There are 2 protein chains.
Amino acid sequence: MRTYELKKSPGVPLYEALYRCLRQDIQSGELPPGSKLPSKRALAEHLKVSKITVEAAYGQLLSEGFITAREKVGYFVEAQTYPQVQSKLPELPQAEPPAQVLDLTANGSVRFPFSVWSKLQREVMLDLGEKLLQPMENQGCGALRRAIAEHLGAFRGMTVNPQNIIIGAGTDFLYNLLLQLLGQERIYAVEEPGYQKIRKIYGAGGVCCVDAPMDGQGVLPQGLGNASVLHISPSHHFPTGLVTPVRRRLELLQWAQEADGFIIEDDYDSEFRFHSRPLPALYALDRCGRVIYMNSFSKSLTPAIRISYMILPDGLMEIYREKLSFYSGTVASFEQYTLARFLSQGYFEKHINRMRKFYKARRDKVVSALEACPWHNRLTILEQDAGLHFLLQVQTPLSDEELVELWQKQGILVQPLRSFYHGQVPDSAQGMLVLNYSALDESQLWRLNTLPKE
Amino acid sequence: MRTYELKKSPGVPLYEALYRCLRQDIQSGELPPGSKLPSKRALAEHLKVSKITVEAAYGQLLSEGFITAREKVGYFVEAQTYPQVQSKLPELPQAEPPAQVLDLTANGSVRFPFSVWSKLQREVMLDLGEKLLQPMENQGCGALRRAIAEHLGAFRGMTVNPQNIIIGAGTDFLYNLLLQLLGQERIYAVEEPGYQKIRKIYGAGGVCCVDAPMDGQGVLPQGLGNASVLHISPSHHFPTGLVTPVRRRLELLQWAQEADGFIIEDDYDSEFRFHSRPLPALYALDRCGRVIYMNSFSKSLTPAIRISYMILPDGLMEIYREKLSFYSGTVASFEQYTLARFLSQGYFEKHINRMRKFYKARRDKVVSALEACPWHNRLTILEQDAGLHFLLQVQTPLSDEELVELWQKQGILVQPLRSFYHGQVPDSAQGMLVLNYSALDESQLWRLNTLPKE
């Protein structure tokens, strides 16, 4: 009769230890199919455990079909071939510590108001308790939607119905929701150049995605072909920083109306204009229910909380309720109520003002570092009073690849404008670098001084 | 010259107040297109504000294209017709307080360990700080994936590679991710009867979704036609509570292999078996990379934190990294690290054990209430030692609709089994009710005594 070491380990009852040993032997073939197991009493005496323990283990094996019982005869291993069970748990590779570089390509956030956030979070749990555990409106909790509507009213001059706001765990998720709402048979146009991730998302969603050609004022309505959905960031185009003036905005609204189409307005960093207020949102100019407004707290607060939102016009809102309201919400209720208080108690506005100063100061440091570096007389900064990134024009005979490589040798990471093009790259992009300073390490700015003179 | 009441209001600089007044007048037509604005000095004196204030306001209107400047002549309203701006912010309707009923249909969670959770959350913020703000692996943080792998190893006897785990904000989101991973051209089979939401999700994702016929052992492999993806809950089928034995599981794996298909194993409530351990997961029996394991903390902890996960076989994991790893994660890093500690410090196991006792006790209360009620001799309970819901067979001449309505009159909400069928409902479903006791109010159980004798 087989003997097992039945170690008592916390959380694992004895019967289960025995069950595991037996199952292991059955799966490994040590106990071949058809073989008879010892009687419960015999095994119990043999292993010095109670009969109940053996009964429980046999019971489990029975219920899982590993063994069968024959009346008055005993227990037999089922005639099945069982796949082998692997043994050890593989480990995750440990992440390398990041190298010391001046990274002008990275996104990230800093200065998160941890203490306020954590205070509000505790308050939310104390005040709401069990209410937080109840199923929530899939659009997100009313408190947060109201707070967002009020914020947009005060900060963005927008009149928003909280009932038209949909909260989602990041914009990627919301884009996918829009694909299901607007339909996959439509043709989607995205800015060229632009934020290439948008293109990937639409690609993964299986829709046809075309380039939306741009001039100095933004997207050209007449260049949209038979697209019927246009995805743009008119307040501050990424990566060029271009701002689309009101006249062009009205032309685009006109286009949407005539094409029976929709415009997805990505307002991702409107909070970070340094001097004047951002232009009025397309959504605010739209009177035909053609604009979907989208924004996120990733840049303005932190990507760590994964809260984005979109605002649908009434017509689409009806379709959403009809077609997609069965989805569960995607943002934790704790976070939603905490953010609602963060907004309505004025902490968000304070935070934005602080960050605007912070980023302005950082931008100035980067600019002066550029002006002081050996290449200063070959550099031109192109920006439109808006934050977190700008274009740097470099006069150089080098190709963009050589340029990026040369800077990288000095520990300076930059991305060429050409990498944001999907199709043909115009000559004007030659020597253009996109400088994103939102997540750089200021102590590394000295590296600009190490750029080799020609 | 027009006069404006420039109220000083907090957060709104004077120039902005003036800018808003002017824009309002331009949009309303009070200042008609082409009309000349007063000179900066004149307006400043007129309104008793500084010239800088007027300059800033004009500057904003210029940058937005509402006015144009003519050298040495002055400022003119742009020849554009502007849509009117709405005024008031609509209010959200207030939610009704829920009526006092015995709701045997609702899902929900109770007994969330708020104090532990909030303690861990504070610790996470203190210990990790800025690290929480950095962009995170889109699969979810390593700490949480390791903790989940260890939990599944100990509790479910599964050998899981943390690198194959993908964390997502709810299973709905993960299903959509799977559609993009496995492809929309495949045919998806879902259990009949089954959890109808799955069908809706696949429908919204635009894939062809067919019924997977079942017998007393679970889904019948030979009934799957040309489907190549099968979505099942073999450990505890919803709503029948059926448990699929090992032999059938192996047959289903065989099918997946031959059909070059995949099985999505939804293990949604395996934590709540009251007596024996749950059967080994299909994922653990699979040696051909055909099974995708899916689970969530919605039932076991609370839907409020919106954390689910899936485990991909190596083959699919490669495709995921190649095709879909550009997506950002969907769960807040705060929540992820907190849950990681909740798991690895043993709180989750404690919680599960507590909840298993809690739900067992509640089940017993419901059963005794049924046994004591006027209908007791017409009721049969069908369950398989697994939690949160069971089937109740009612001997009655009434149709299911009449039955549900009759109970509803007594303030008892139940769902008939037939409502979980997509196609033809078998006669055997007649008089079958699905009783979900996870979210009922025990103080309402007395209502069962009010059922009218015939």
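Some remarks on the overall build of chain A
Then, in step 1: Scanning chain A from N- to C-terminus turns up 13 helices and 16 strands.
Then, in step 2: Principal axes of the C-alpha set define a box for chain A whose edges measure 90 × 60 × 50 Å.
Then, in step 3: Across the 454 residues in chain A, those meeting the buried criterion constitute 59%.
Then, in step 4: Within chain A, contacts between residues at least 6 apart in sequence are counted, and of these 72% link residues at least 24 apart.
Then, in step 5: In the structure as shown, chain A presents an accessible area of about 18600 Å², 53% of it carried by carbon and sulfur atoms.

Structural notes on the pairing of strand β10 (residues 291-296) of chain A
Residue and element names in this part refer to chain A.
Then, in step 1: Counting buried positions over the six residues of β10 gives six, a clear majority of the element.
Then, in step 2: Of the two faces of β10, the one holding V291, Y293 and N295 and the one holding I292, M294 and S296 are both buried throughout.
Then, in step 3: Pairing between strand β9 (residues 262-266) and β10: four bridges, direction parallel. Within β10, the residue paired with I264 across the bridge is I292.
Then, in step 4: The sheet contact formed by β10 and strand β11 (residues 308-311) spans four bridges and is antiparallel.

Re unusual backbone geometry
Then, in step 1: For the peptide bond that leads from A:E192 to A:P193, omega is 0°, which places it in the cis range.
Then, in step 2: Here A:P193 lies in the loop between β5 (187-192) and α7 (196-204).
Then, in step 3: Of note, B:K48 is a non-glycine position whose phi angle comes to about 60°, a positive value.
Then, in step 4: Its location among the elements puts B:K48 in the loop between α2 (40-47) and α3 (51-63).
Then, in step 5: Despite not being glycine, B:R306 has its phi angle at roughly 50°, a positive value.
Then, in step 6: The residue B:R306 is located in the loop between β10 (291-296) and β11 (308-311) in this model.

With respect to helix α13 (residues 400-409) of chain B
Residues and elements named next belong to chain B.
Then, in step 1: Where α13 is concerned, the buried positions are D400, L403, V404 and W407. End-on view of α13: buried residues confined to an arc of 95°, all on one side of the axis. In this structure, α13 carries E401 and K409 as exposed residues pointing more than 90 degrees from its buried face.
Then, in step 2: Buried residues in α13 make contact with β13 (389-394), β14 (412-413), β15 (415-416) and β16 (432-436).
Then, in step 3: Where α13 ends, the next residue or the one after it, G411, has phi of about 75°, a positive value.

With respect to the packing of aromatic side chains
Then, in step 1: According to the stated counting rule, one finds 41 aromatic pairs over all chains in the structure shown.
Then, in step 2: A centroid spacing of 5.9 Å and a plane angle of 25° characterise the contact between B:F342 and B:Y347, whose relative ring orientation is stacked.
Then, in step 3: Here B:F342 falls in the buried class, since its relative accessible area comes to 1%.
Then, in step 4: Here the aromatic cluster, defined as three or more aromatic residues joined through ring pairs, consists of A:F112, A:F114, A:W117, A:Y283, A:Y293, A:F297, A:Y309, A:F342, A:Y347, A:F348 and B:F334.
Then, in step 5: In this structure, A:R290 is placed above the aromatic ring of A:F262, and the distance from its NZ or CZ to the ring centre is 5.4 Å.
Then, in step 6: Sitting above the plane of the B:W375 ring, B:R378 keeps its charged end 3.9 Å from the centroid.

Overview of the pattern of salt bridges
Then, in step 1: Counted under the stated rule, the structure contains 42 salt bridges over all chains.
Then, in step 2: Among the salt bridges present, the one from A:R156 reaches A:D267, with a minimum N-O distance of 2.8 Å. In this pair, A:R156 sits in helix α5 (residues 142-156) while A:D267 sits in the loop between β9 and α9 (282-285), placing the two residues 111 residues apart along the sequence.
Then, in step 3: The shortest N-O distance in the salt bridge between B:E442 and B:R362 comes to 2.9 Å. Of the two residues, B:E442 is situated in the segment after β16 and B:R362 in helix α12 (residues 347-372); the sequence distance between them amounts to 80 residues.
Then, in step 4: The class of B:E442 is partly exposed, set by a relative accessible area of 22%.
Then, in step 5: Salt bridges linked by common partners bring A:K119, A:E123, A:D127 and A:R341 together as one network.

Some details on the packing of α5(A) against helix α11 (residues 333-344) of chain A
All names here are of chain A.
Then, in step 1: One way to put it is that α5 packs onto α11 with a least axis distance of 8 Å and a crossing angle of 30°. If you check the angle between α5 and α11, you find them roughly parallel. The two elements α5 and α11 cross, and the hand of that crossing is left-handed. Between α5, through A143, L144, A147, I148 and H151, and α11, the contact on the second element is made entirely by Q336, Y337, L339, A340, L343 and S344.
Then, in step 2: Here the contact of α5 with α11 is composed, by residue class, of eight nonpolar, three polar and no charged.

Quick notes on the environment of A:F272
Residues and elements named next belong to chain A.
Then, in step 1: If you trace the backbone, F272 turns up in the loop between β9 and α9.
Then, in step 2: On the accessibility criterion, F272 (0% relative accessible area) is buried.
Then, in step 3: Distance in space between the C-alpha atoms of F272 and M355 is 8.2 Å, their sequence separation being 83 residues.

Remarks on the sheet that holds strand β8 (residues 229-232) of chain B
Residues and elements named next belong to chain B.
Then, in step 1: Pairing in this open sheet of eight strands is mixed, and the strands run β4-β11-β10-β9-β8-β5-β6-β7 from one edge to the other. The two strands at the open ends of the sheet, each matched to only one other strand, are β4 (165-168) and β7 (218-219).
Then, in step 2: Bridge count for strand β5 (residues 187-192) against β8 is three bridges, and the pairing is parallel. Each bridged residue has a counterpart across the sheet, and for V190 the counterpart in β8 is H231.

Concerning the side chain of B:N176
Then, in step 1: Checked against the element boundaries, B:N176 lands in helix α6 (residues 171-182).
Then, in step 2: Of the residues examined, B:N176 reaches a relative accessible area of 15% and is grouped as buried.
Then, in step 3: Apart from residues lying up to four places away in sequence, B:N176 is in contact with A:Q180, A:Y327 and B:I201.

Each value, and the rule that gives it
Residues numbered from 1 in each chain as written. Chains lettered and ligands numbered in written order. Predicted model: local features only at pLDDT ≥ 70, side-chain atom pairs only at ≥ 80, totals over all residues. Heavy atoms only, no water. Helix = DSSP H or I, 4+ residues; strand = E, 2+ residues; numbered from the N terminus. Buried < 20%, exposed > 50% of the residue type's maximum accessible area, 1.4 Å probe, protein only. Contact = heavy atoms within 4.5 Å. Areas by Shrake-Rupley, 256 points an atom, 1.4 Å probe, with all protein chains shown as cover. Pairing = 2+ DSSP bridges. Arc of directions from axis to C-beta. Phe/Tyr/Trp six-rings, centres within 6.5 Å; stacked < 30°, edge-to-face > 60°. Lys NZ or Arg CZ within 6 Å of the ring centre and 35° of its normal. Salt bridge = Lys/Arg side-chain N within 4 Å of Asp/Glu carboxyl O. Axes fitted to C-alpha atoms, helices over the stretch in contact; angles between N-to-C directions. Parallel < 35°, antiparallel > 145°, perpendicular 65-115°, else oblique. Left-handed = near helix turned anticlockwise from the far one by under 90°. Nonpolar A, V, L, I, M, F, W, Y, C, P; charged D, E, K, R; others polar.

Any link to function would need more than the numbers given here.
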